[in-house]
2 protein chains.
Amino acid sequence: MLLFWRKGYEATTMNDLVEELGLGRGSIYAAYGDKHRLFVLALGRYLGHQTTLLDSALGDTGPVLPHLRDVIDRLLAADAACTGAGCFSVNSIAELLPNDAEVAELARRSLQFAEDAFTTQLERAARSGELSPAIGPRDAAHLLVTTVQGLQIMRKADPDPARAAACLDSLFTLLAPTTAPTAPTPAPAYATP
Amino acid sequence: MLLFWRKGYEATTMNDLVEELGLGRGSIYAAYGDKHRLFVLALGRYLGHQTTLLDSALGDTGPVLPHLRDVIDRLLAADAACTGAGCFSVNSIAELLPNDAEVAELARRSLQFAEDAFTTQLERAARSGELSPAIGPRDAAHLLVTTVQGLQIMRKADPDPARAAACLDSLFTLLAPTTAPTAPTPAPAYATP
DNA sequence: TATGTTTTGGAACGTGCAGTCCAGAACGGT
DNA sequence: ACCGTTCTGGACTGCACGTTCCAAAACATA
């Protein structure tokens, strides 16, 4: 499925896929239906993998923001394995929406899941004072998701990982509360009221 | 050129373009060369238009952040004219990079221009105390450009303009310096031992 | 109006596409 | 070992693609 990822839907031919999968055309059609279905399946797998990564990585103890940052770094690194191709999901949204309802539904669900997961984490961050009071958890999560999407675009134009890291640094700095009095936040021992 | 914008490069056929432009095939090839050159020309025009919009809108007096916000709103609105198609530049980056050097060069230049323009503005903002001291003007500009790219992706998945506006609100709130003594901090007091 | 030149746009071309088909290989039950 | 069933994959099909070509229309000059 790397081809769909690297070249997009339209630019990938069935011949390419035959070569990549090592199967005959007939077998591919028998197993997956047509080209579009195969694409949707591939995208679904990719999103499932990303979702799993997110789901398993986000816990409910410890400092939130550094952990969140780490998870996002890992997501970006996973995409970077496919050098220069960016994020399969972002590429698909850009290429096929708003003309492909099936892909739209997949993408929407995945984005919603990410935003919800981030919101849960950031609610915890807000409770423990790790999140700037200037912004609510849900808004912060939405901004975070949006910026990560943007990062995936920017990386295609400039693959230097340092740029992406710097951008995330900036955002996470802004998301943290103004670091005047309680600089290191040693223990997030928060009480349940 | 709306077709390239709406459907992308690969999905747009020469037949489509003949119909859209109202010219014969021969005329198109005589005037513009091949399909790819035509695409590059169209993208160049689009980027030129965006650049002009940016260039003419950014002044050197008055409050920076609200004005910047307004300019970005206008850029988004210009793209929204082509309902649901998002941003031609973002779509092209996602579809054709890293396999198209010509488009890559165009996109890079345009992104660089936007970042530079934002940086100039944010330097002024920093001088007048409008920018949070937590972030430098260049980093803020880079983050801003990145988030706008992300917004263009998010809008394709969820075209509700309110979502994009809320996202920009969040970012600009974070970019502003902490508003005085932060009155409404309902911070659930966590103990620093 | 007559003539040399440019422009137009539809017909035609070769290629490569997505999708189908089927002979034979691989497999499994007995 | 036999044979009914499933699976495999290369040959094939019709079609639509990007591109080229050229007769005729439009224009410019005198």
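The preceding data block contains the structure.
Residues numbered from 1 in each chain as written. Chains lettered and ligands numbered in written order. Predicted model: local features only at pLDDT ≥ 70, side-chain atom pairs only at ≥ 80, totals over all residues. Heavy atoms only, no water.

Draft legend 1. Summary view of helix 9 (residues 161–175) of chain A. Taking 1.5 Å of rise per residue, 15 residues should cover 21 Å, and helix 9 of chain A covers 21 Å from first to last C-alpha, within 8% of that figure. For helix 9 of chain A, the set of buried residues is Ala164(A), Cys167(A), Leu168(A), Ser170(A), Leu171(A), Phe172(A), Leu174(A) and Leu175(A). Against the buried residues of helix 9 of chain A lie helix 5 (64–80) and helix 8 (137–157) of chain A together with helix 8 (137–157) and helix 9 (161–175) of chain B. (Helix = DSSP H or I, 4+ residues; strand = E, 2+ residues; numbered from the N terminus. Expected span 1.5 Å × (residues − 1). Buried < 20%, exposed > 50% of the residue type's maximum accessible area, 1.4 Å probe, protein only. Contact = heavy atoms within 4.5 Å.)

Draft legend 2. Structural context of the interface of chain A and chain B. Listed per partner, the contact involves 50 residues of chain A and 46 residues of chain B. A combined buried area of about 4,200 Å² lies between chain A and chain B, and 68% of that area is made up of carbon and sulfur atoms. Applying the counting rule to chain A against chain B returns two salt bridges. Glu115(B) serves as the salt-bridge partner of Arg163(A), at 2.9 Å between the closest nitrogen and oxygen. Applying the counting criterion to the chain A and chain B interface returns 13 residue pairs in polar contact (both at pLDDT 80 or more). Going through the elements one at a time, helix 1 (2–7), helix 6 (88–96), helix 7 (101–127), helix 8 and helix 9 of chain A are the ones with two or more residues in the side of chain A that touches chain B. (Buried area = accessible area lost by both parts, 1.4 Å probe. Salt bridge = Lys/Arg side-chain N within 4 Å of Asp/Glu carboxyl O. Polar contact = N/O pair within 3.5 Å; in protein donor to acceptor, adjacent residues only side chain to side chain.)

Draft legend 3. A look at the protein's contact with DNA strand D. The local shell around DNA strand D holds 14 residues, among which Gly24(A), Met14(B), Arg25(B), Tyr29(B) and Lys35(B) are the closest. Among the atoms of DNA strand D lying within 4 Å of the protein, the sugar-phosphate backbone contributes 59%. Between a base oxygen of DNA strand D and a main-chain N or O atom of Gly26(A), the distance comes to 3.2 Å. Between Ser27(A) and DNA strand D, the recorded distance is 3.2 Å, taken from a backbone N or O atom to a base nitrogen. For the surface near DNA strand D, the secondary-structure elements that each account for two or more residues are helix 3 (25–32) of chain A together with helix 2 (14–21) and helix 3 (25–32) of chain B. The residue inventory of the surface near DNA strand D, partitioned by class, reads three nonpolar, seven polar and four charged. (Near = heavy atom within 4 Å. Nonpolar A, V, L, I, M, F, W, Y, C, P; charged D, E, K, R; others polar.)

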